[in-house]
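Geometric and topological summary
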Amino acid sequence: MSATLVEIVKASNLKLKPEDDKLGFGRYFTDHMLVMDYSIETGWTGPRITPYEPIALDPAAVIFHYGQTAFEGMKAYRTEDNRILLFRPEKNFSRLNASSERLSMPPINEEEVLEYVKQLISVEKDWVPTSKGTSLYIRPFIIATESFLGLAASKQYKLVVILSPVGSYYTNGIQPVNIKVEEHYTRAVRGGTGMAKTAGNYCATFNAQTKAINEGFSQVLWLDAIEKKYVEEVGTSNVFFKINGEVHTPELSGSILPGITRMSVIEMLRSWGIPVSERRISIEEIYQSYEEGLLEEVFSTGTAAVISPIGELEWQGRKIVINNKSIGAVSEKLYDTLTGIQTGKIADTFNWTTEVN
Ligand SMILES: *Cc1c(COP(=O)(O)O)cnc(C)c1O
């Protein structure tokens, strides 16, 4: 489809770009952003690329009080021959609409907004970093902007897309992490908003995460909210277990965020002839398979780290050590193949990448 070119208002002063090795995550933002507005009367209108700048909102805007909002996270990668690739971006915009539906927010035209985002990236091409492992992180989000304190869905919204050059996740090579199984706090519950990328799901995890970090872990593993038995996610990543030659991951129950890396890992493993099952997995079963010597690999998946191997799980004071705390063969092959496709080093036989011109 050929969406119209958006209006562009160029920034009058361009920022100094940071060095690739100083990027970190989500600290620096490019010179421009994409903005669009919604009202019940007009639908989504006025797509425009403007200088990166603060958003002025009424203090009574619904977003500040009732948290009606959704976001996405994806990356643009620079290839060795200087092309810019997106990884399955259409999946991010359909997930944004799924989040919006859960939060009583209006859908966007997925194809059109993707075209606008490509135009934004095209304007900001020089911001896509070049060093190994770096990328341009893309953060689309929608906020409820109507000024009204009544408890009802807003009649006005703003879609904003900002871009942030981000550093390599693994500066010292891939190190398996240790994870604490969280027994007290809950991330999400079936029937709640766990399947949506919405603000409240994330601030609700900060205390458990801080506590785990203070205890020397890098993240928590979340159990289901109802029985506190079944494995759900690790931090804000999906989780996989390789047990006796088969790969298992929690089924999408409504409280689990349907990751695009998760979906890609499942499709890739199946294409390699490795069986994958999506089902309920109890932490008890994981411990049992460890005791029987059948727990071969554990890893989490997400846009930020792609694949993050887990070296140790702690559950009720019991330690589960995985693959001698080193990355497993399947985890490593998944990492190399996925990042290879994302950066154009490996032929994209799945047709997952889209070029930005
Ligand atoms: C974003 C996110 C993921 C990973 O999704 P990807 O599309 O693979 O980046 C997993 N869990 C949670 C809670 C998330 O917010």
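Residues numbered from 1 in each chain as written. Predicted model: local features only at pLDDT ≥ 70, side-chain atom pairs only at ≥ 80, totals over all residues. Heavy atoms only, no water.

**Examining the site of the ligand**
Close contacts around the ligand come from 14 residues, with Lys-197, Tyr-202, Glu-233, Thr-261 and Thr-303 the closest. Contact between the ligand and Lys-197: an oxygen atom at 2.6 Å from a side-chain N or O atom of the residue. Tyr-202 is positioned with one of its side-chain polar atoms (N or O) 2.4 Å from an oxygen atom of the ligand. Protein contact buries 95% of the 380 Å² of open area that the ligand shows by itself. Elements with a contribution of two residues or more to the shell around the ligand: strand S12 (237–243) and helix H6 (260–271). Of the residues assigned to the shell around the ligand, the class counts are 3 nonpolar, 7 polar and 4 charged. (Near = heavy atom within 4 Å. Polar contact = N/O pair within 3.5 Å; in protein donor to acceptor, adjacent residues only side chain to side chain. Areas by Shrake-Rupley, 256 points an atom, 1.4 Å probe, with all protein chains shown as cover. Helix = DSSP H or I, 4+ residues; strand = E, 2+ residues; numbered from the N terminus. Nonpolar A, V, L, I, M, F, W, Y, C, P; charged D, E, K, R; others polar.)

**Some points on unusual backbone geometry**
The backbone phi angle of Val-306 is positive, close to 70 degrees, even though this residue is not glycine. Tracing the backbone shows Val-306 in strand S16 (residues 306–315). Classification of Val-306 by relative accessible area gives buried; the value is 6%. Even without being a glycine, Asn-351 presents a positive backbone phi close to 60 degrees. (Buried < 20%, exposed > 50% of the residue type's maximum accessible area, 1.4 Å probe, protein only.)

**A closer look at the UniProt feature "modified residue: N6-(pyridoxal phosphate)lysine" (unreviewed entry) in the protein**
Mapped onto this numbering, the UniProt entry gives "modified residue: N6-(pyridoxal phosphate)lysine" (unreviewed entry) at Lys-197. Within the secondary structure layout, Lys-197 lies in the loop between strand S9 (177–181) and helix H4 (199–203). A relative accessible area of 15% places Lys-197 in the buried class. (UniProt positions renumbered as here; feature names shortened; annotations may be inferred.)

**A look at the nonpolar core**
The nonpolar side chains of a soluble globular protein tend to be buried with one another. Core analysis: the largest hydrophobic core is formed by 35 residues, its most contacted members being Trp-44, Phe-93, Val-117, Ile-121, Ile-138 and Ile-142. Here this core gets 6 residues from one element, more than from any other, and that element is helix H3 (residues 110–123). Here Ile-142 is in contact with Trp-44, Gln-68, Thr-69, Ala-70, Leu-96, Ser-100, Met-105, Ile-108, Tyr-157, Lys-158 and Leu-159, once residues within four sequence places are set aside. Of all hydrophobic cores here, the second largest spans 21 residues; its members include Ile-266, Phe-299, Ala-305 and Val-306. (Core = buried A, V, L, I, M, F, W, Y, C linked by side-chain atoms within 4.5 Å. Contact = heavy atoms within 4.5 Å.)

**Looking at the domain arrangement of the protein**
Structurally, the protein comprises domain 1 (7–166) and domain 2 (177–342). Its C-alpha centre places domain 1 at a distance of 28 Å from the equivalent point of domain 2. Contact with domain 1, which involves 19 residues of that partner, is made by 21 residues of domain 2. Taken over both partners, the interface formed by domain 1 and domain 2 buries close to 1,800 Å², and the fraction arising from carbon and sulfur atoms is 62%. Its largest share of buried area at the contact with domain 2, domain 1 owes to Phe-87, Arg-95 and Arg-102, together 35% of the area lost on that side. Note that Arg-88 and Glu-267 form a salt bridge whose closest N and O atoms lie 3.3 Å from each other. At the junction of domain 1 and domain 2, the tally comes to 10 residue pairs in polar contact (both at pLDDT 80 or more). For the side of domain 1 that touches domain 2, the elements supplying multiple residues, two or more each, are strand S4 (69–71), strand S5 (74–78), strand S6 (84–87) and helix H2 (89–102). (Domains from an automatic or database assignment. Buried area = accessible area lost by both parts, 1.4 Å probe. Salt bridge = Lys/Arg side-chain N within 4 Å of Asp/Glu carboxyl O.)

**Some details on the pattern of salt bridges**
Between side chains of opposite charge, pairing is possible as soon as their charged atoms come close. Under the definition given, this model contains 18 salt bridges. One salt bridge in this structure joins Glu-296 and Lys-242, with 3.0 Å as the shortest N-O distance. Taken together, the residues Glu-296 in strand S15 (residues 295–302) and Lys-242 in strand S12 connect sequence positions 54 residues apart. Here Lys-242 falls in the buried class, since its relative accessible area comes to 14%. A salt bridge links Glu-312 to Lys-319, with the shortest nitrogen-to-oxygen separation between them at 3.8 Å. Glu-312 gets classed as buried once you look at its relative accessible area, which sits at 8%. Via salt bridges that share partners, Glu-312, Glu-314, Lys-319 and Lys-325 belong to a single interconnected network.

**Some points on helix H7 (residues 283–291)**
A turn of α-helix holds 3.6 residues, and therefore any two residues three or four places apart point the same way. Of the positions making up H7, those classed as buried are Ile-283, Ile-286, Tyr-287 and Ser-289. Angularly, the buried residues of H7 cover 165 degrees about the axis, an arc narrow enough to put them on a single face. Of the residues flanking the end of H7, it is Gly-293, one or two places downstream, whose phi is positive at about 75 degrees. (Arc of directions from axis to C-beta.)

**Observations regarding the packing of H2 against H3**
Their axes nearest at 10 Å, the elements H2 and H3 cross at an angle of 125 degrees. The angle between the axes of H2 and H3 places the two elements in the oblique class. The interaxial crossing formed by H2 with H3 has right-handed handedness. Across the interface between the two elements, Pro-89, Glu-90, Phe-93, Ser-94 and Asn-97 from H2 touch Glu-110, Val-113, Leu-114 and Val-117 from H3. Classifying every residue of the contact of H2 with H3 gives 5 nonpolar, 2 polar and 2 charged. (Axes fitted to C-alpha atoms, helices over the stretch in contact; angles between N-to-C directions. Parallel < 35°, antiparallel > 145°, perpendicular 65-115°, else oblique. Left-handed = near helix turned anticlockwise from the far one by under 90°.)

**Observations concerning the side chain of Glu-312**
Position of Glu-312 relative to the elements: it lies in strand S16. Those residues in contact with Glu-312 that lie beyond four places of it in its chain are Val-177, Asn-178, Ile-179, Lys-319, Ile-320, Val-321, Ile-322 and Lys-325.

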